[in-house]
Amino acid sequence: MTQIALLAALLVVVALAIFATDQAGRRADHLARQRGAFISAVSHELRTPLTTLRMHAELLRDGLVGSDKRQKFHDDMVQESVRLSRLVENVLEATRLEEGRRPMRIQAGDLADAVRSIAMGQSPFLQAKGFTVDVDTGDDEVPAVFDRQAIEQIVVNLLDNAAKYSAEATDRSVRVEVKSERGEAVVRVLDRGPGIPSDDVERVFQRFYRVERPGQDHVVGTGLGLALVRELAQAHGGRATASQRDGGGCCIEVRIPQQARV
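A few points on the structure.

Basis of the calculations
- Residues numbered from 1 in each chain as written.
- Predicted model: local features only at pLDDT ≥ 70, side-chain atom pairs only at ≥ 80, totals over all residues.
- Heavy atoms only, no water.
- Pairing = 2+ DSSP bridges.
- Helix = DSSP H or I, 4+ residues; strand = E, 2+ residues; numbered from the N terminus.
- Axes fitted to C-alpha atoms, helices over the stretch in contact; angles between N-to-C directions.
- 1 Å grid on protein atoms, 1.4 Å probe; cavity = no way out; pocket = protein on both sides within 12 Å on 5 of 7 lines; lining within 4 Å.
- Points joined across faces, edges and corners; volume = space filled by probe spheres on them.
- Salt bridge = Lys/Arg side-chain N within 4 Å of Asp/Glu carboxyl O.
- Buried < 20%, exposed > 50% of the residue type's maximum accessible area, 1.4 Å probe, protein only.
- Parallel < 35°, antiparallel > 145°, perpendicular 65-115°, else oblique.
- Left-handed = near helix turned anticlockwise from the far one by under 90°.
- Contact = heavy atoms within 4.5 Å.
- Nonpolar A, V, L, I, M, F, W, Y, C, P; charged D, E, K, R; others polar.
- Disulfide = S-S within 2.5 Å.

**As for the sheet that holds strand β5 (residues 184-191)**
Whether parallel or antiparallel, the strands of a sheet pair through hydrogen bonds between backbone atoms.
Phase 1: Spatially, the 5 strands line up as an open sheet ordered β2-β4-β5-β7-β6, and their pairing is mixed. Only two strands of the sheet have a single partner each, and these edge strands are β2 (132-136) and β6 (239-244). Neighbouring strand axes in the sheet, compared pairwise and without regard to direction, differ in orientation by 15° on average.
Phase 2: For β2 and strand β4 (residues 173-181), the ladder comprises 5 bridges, and the chain directions are parallel. Paired with D136 across the bridge in β4 is E177.

Below is the structure:
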């Protein structure tokens, strides 16, 4: 009986080892596919601005741009440079968070004032794409404890996401709200794009995940923006969620504590 019990225990150990190996292999394959998709997405996202910058610079260098078009060429180059900068910063931030090298410099402040300033600073870039930005922070302050740089990255990514997915919308307005609700500071960014399918409202916060839409040969973005939004919200002790906007469109909501948690 003892030998039978030992044999049974050995078989269980072997089975568990096989299962663990299989699971590890599946996870490694999944991560490899994710990273492959990410590299492909980043390469595609880099190609467009780099091509635009090179072509514009060459045309300006060779004197092939009339005086009436030079300002537009310069504006386009600024836009593409900003786009490249955001992409690089998102990749670096994702790496720092993954490796635990992203210290949070939390300070008490007025979140409404911070978000208003960030959104207004981004307004010219959205206007160049045909969008308007409406910021509603109410008349009161919205006290919170937050890392200003992290909040800036959250708001910039949300605005960029709204503009990116609303490019074909008739209503090209983006609304930003900052409120105090039940001891939390709430930031909402709302657009009138196609919205997020119900099956994807959680997946969009996964790194490298991008929503596939019918008729699109290329899935927009790198799949990092909203993942960073959620991870930075969680680093504040908060959370980020997505939902359908009343009347059509998308609403991304970020909640962070208004007081430091002991």
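**A short note on the layout of surface pockets**
Phase 1: Approximately 260 Å³ is the volume found for the second largest pocket.
Phase 2: Taken together, V82, S85, R86, E89, N90, Q122, F125, Q149, E152, Q153, V156 and N157 make up the full set of residues lining the second largest pocket.
Phase 3: Going through the elements one at a time, α2 (67-98), α3 (111-127) and α4 (148-165) are the ones with two or more residues in the lining of the second largest pocket.

**Thoughts on the pattern of salt bridges**
Phase 1: This model, assessed by the stated rule, comprises 26 salt bridges.
Phase 2: D200 serves as the salt-bridge partner of R203, at 3.6 Å between the closest nitrogen and oxygen.
Phase 3: Look at D200 and you get buried, because its relative accessible area is 7%.
Phase 4: Beyond isolated ion pairs, a larger network of salt bridges with shared partners links D134, D136, R175, E177, K179, E181, E184, R188, R239, E253 and R255.

**Considering the pairing of β4**
Phase 1: As judged from the 7 bridges shared by β4 and β5, these two strands associate in the antiparallel manner. What sits directly across from E177, in β5, is R188.
Phase 2: Once β4 ends, the chain turns through 2 residues before running back antiparallel as β5, passing R182 with a positive phi of about 50°.

**Things to note about the packing of α2 against α3**
Phase 1: With their axes 10 Å apart at the nearest point, α2 and α3 run at an angle of 125° to one another. Between α2 and α3, the angle falls in the class oblique. The two elements α2 and α3 cross, and the hand of that crossing is left-handed. On α3, the residues that touch V78, Q79, V82 and R86 of α2 are Q122, P124 and F125.
Phase 2: Its residues assigned to classes, the contact of α2 with α3 shows 4 nonpolar, 2 polar and 1 charged.

**Points about unusual backbone geometry**
Phase 1: Of note, the phi angle at R182 is positive, near 50°, even though the residue is not glycine.
Phase 2: With respect to the element layout, R182 can be found in the loop between β4 and β5.

**Overview of the state of the cysteines**
Phase 1: The full count for this structure, using the stated rule, is 0 disulfides.
Phase 2: C250 forms no disulfide, and the closest cysteine sulfur to it belongs to C251, at a distance of 6.9 Å.
Phase 3: Residue C250 is classed as buried on the basis of its relative accessible area, which comes to 4%.
Phase 4: Its relative accessible area of 8% is what places C251 among the buried residues.

**Overview of the environment of L190**
Phase 1: Along the polypeptide, L190 turns up in strand β5.
Phase 2: Classification of L190 as buried rests on a relative accessible area of 9%.
Phase 3: Placed 62 residues apart in sequence, L190 and I252 show a C-alpha to C-alpha distance of 6.6 Å.
Phase 4: Beyond its immediate stretch of four places on either side in the chain, L190 contacts S173, V174, R175, E177, R245, C250 and C251.

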